[in-house]
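# Chain and residue survey
Now for the letters of each chain:
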Amino acid sequence: MTQFTRIQNAGLAYRLGELDQQLRTDIRAALLQSGDEKYLDLAGRVHDLGDEAVANELIETGDELIERHVQELRAIEAARRRLADGSIDRCVDCGDDIGYERLLAYPVAVRCVVCQRRHEKTYAHEDTPRM
Ligand SMILES: [Zn+2]
């Protein structure tokens, strides 16, 4: 596993922050677009998404797009933990490097390209996140 420089780590943290903001904006927009008054209050609390109660309320809207966004936000949280403990570059399947370029493009990646392809072939029926 390659140790990233502090600048590289900061770059990944920045990308995670960007994705995080984008997803929250999208979730808020989806809630407001629903036109359902009970979601107005929820839209105002999307910034508290670290809060499991808010995340669960969002899942309970039954909106597929919102649910997917919440899962992506959870993946971002997990990536932040991996970044903090220095394991973000380690493929969860084979233990090899994921690679900085790949992480920069797709910072929630948990597998190297080879393992990701194999994973997608094996679980082709499953919904894969759009990121
Ligand atoms: Zn791998």
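Residues numbered from 1 in each chain as written. Predicted model: local features only at pLDDT ≥ 70, side-chain atom pairs only at ≥ 80, totals over all residues.

### Some remarks on the overall build of the protein chain
Put simply, the rule is: Comment: elements are numbered from the N terminus, with helices defined as DSSP H or I runs of at least four residues and strands as E runs of at least two. Exposed residues have 12 or fewer other C-beta atoms within 10 Å of their own C-beta, buried residues have 20 or more, and residues in between are partly exposed; the C-beta atoms are placed from the backbone.
Along the protein chain, the regular secondary structure elements total six helices and zero strands. Starting at the N terminus, the α and β elements of the protein chain follow one another as α-α-α-α-α-α. On the principal axes, the C-alpha backbone points of the protein chain span a range of 50 × 35 × 20 Å. Evaluated residue by residue, the protein chain yields a buried proportion of 20% over its 131 residues.

### Comments concerning helix H4 (residues 64-84)
Stated precisely, the cut-off is as follows: In this scheme, a helix's expected span is set at 1.5 Å multiplied by one less than its residue total. Contact criterion: two residues are in contact if their C-beta atoms, reconstructed from the backbone, are within 7 Å.
Here H4 contains 21 residues, and its C-alpha end-to-end distance of 30 Å stays within 8% of the 30 Å for a straight helix at 1.5 Å per residue. All buried positions along H4 are accounted for by Ile66, His69, Val70, Glu72, Leu73, Ile76, Ala79 and Arg82. Lining the buried residues of H4 we find helix H1 (6-33) and helix H3 (52-60). Positive phi appears at Gly86, one or two residues downstream of H4, with a value of about 80 degrees.

### Considering the confidence of the model for the protein chain
How we decide: Residue-level confidence of the predictor is summarised by pLDDT, bounded by 0 at the bottom and 100 at the top.
This prediction gives the protein chain a mean pLDDT of 89; 92% of its residues lie at or above 70. Per-element mean pLDDT across the protein chain ranges from 86 in H3 up to 96 in helix H5 (residues 100-105).

### Description of the packing of H1 against H4
Basically, it comes down to this: Angles shown run from 0 to 180 degrees and are taken between the N-to-C directions of axes, each axis being a line fitted to C-alpha atoms and, for helices, limited to the stretch in contact. The scheme is simple: roughly parallel for angles under 35 degrees, roughly antiparallel for over 145, roughly perpendicular for 65 to 115, oblique for anything else. Note on convention: the crossing is left-handed when the near helix lies turned anticlockwise from the far helix by less than a right angle, right-handed when the turn is clockwise. Each residue is assigned to one class: nonpolar for Ala, Val, Leu, Ile, Met, Phe, Trp, Tyr, Cys and Pro, charged for Asp, Glu, Lys and Arg, and polar for all the others, Gly among them.
The interhelical angle for the contact between H1 and H4, taken along N-to-C directions, is 160 degrees, at an axis separation of 10 Å. In terms of axis orientation, H1 runs roughly antiparallel to H4. Relative to H4, H1 is oriented so that their crossing is left-handed. For the pair formed by H1 and H4, the contact residues are Asn9, Leu12, Ala13, Leu16, Leu19, Asp20, Leu23, Asp26, Ile27 and Ala30 on the first element and Leu65, Ile66, His69, Glu72, Leu73, Ile76, Ala79, Arg80 and Leu83 on the second. Classifying every residue of the contact of H1 with H4 by side-chain character gives 13 nonpolar, two polar and four charged.

### As for the nonpolar core
Soluble globular proteins tend to bury their nonpolar side chains together. Under the convention used in this document: Nonpolar cores are identified as sets of buried Ala, Val, Leu, Ile, Met, Phe, Trp, Tyr and Cys residues joined via C-beta atoms within 7 Å.
Ranked by size, the top nonpolar core spans 20 residues in total, and within it Ile27, Leu58, Ile76, Ala79 and Leu103 carry the most contacts. Listed by contribution, the elements that provide at least two residues to this core are H1, helix H2 (38-44) and H4. Apart from the residues within four sequence positions on either side, Leu103 is in contact with Leu12, Ile88, Asp89, Ile98 and Ala109.

### Focus on the environment of Glu101
With respect to the helices and strands, the residue Glu101 is situated in helix H5. The sequence separation of Glu101 and Leu73 amounts to 28 residues, and the corresponding C-alpha distance is 21 Å.

### Observations regarding the environment of Tyr100
Mapped onto the elements, Tyr100 comes out in helix H5. In this structure Tyr100 comes out as partly exposed when scored by C-beta crowding, with 17 C-beta atoms within 10 Å. Linking Tyr100 and Thr122, residues 22 residues apart in sequence, is a C-alpha distance of 25 Å. Excluding residues that lie within four positions of it along the chain, Tyr100 makes contacts with Phe4 and Gln8.

### Some points on the packing of H3 against H4
Relative to each other, H3 and H4 sit at 150 degrees, their axes nearing to 8 Å. Judged on the interaxial angle alone, H4 and H3 are roughly antiparallel. Every residue of H4 that contacts H3 at Ala55, Leu58 and Ile59 is listed here: Ile66, Glu67 and Val70. Classifying every residue of the contact of H3 with H4 gives five nonpolar, no polar and one charged.

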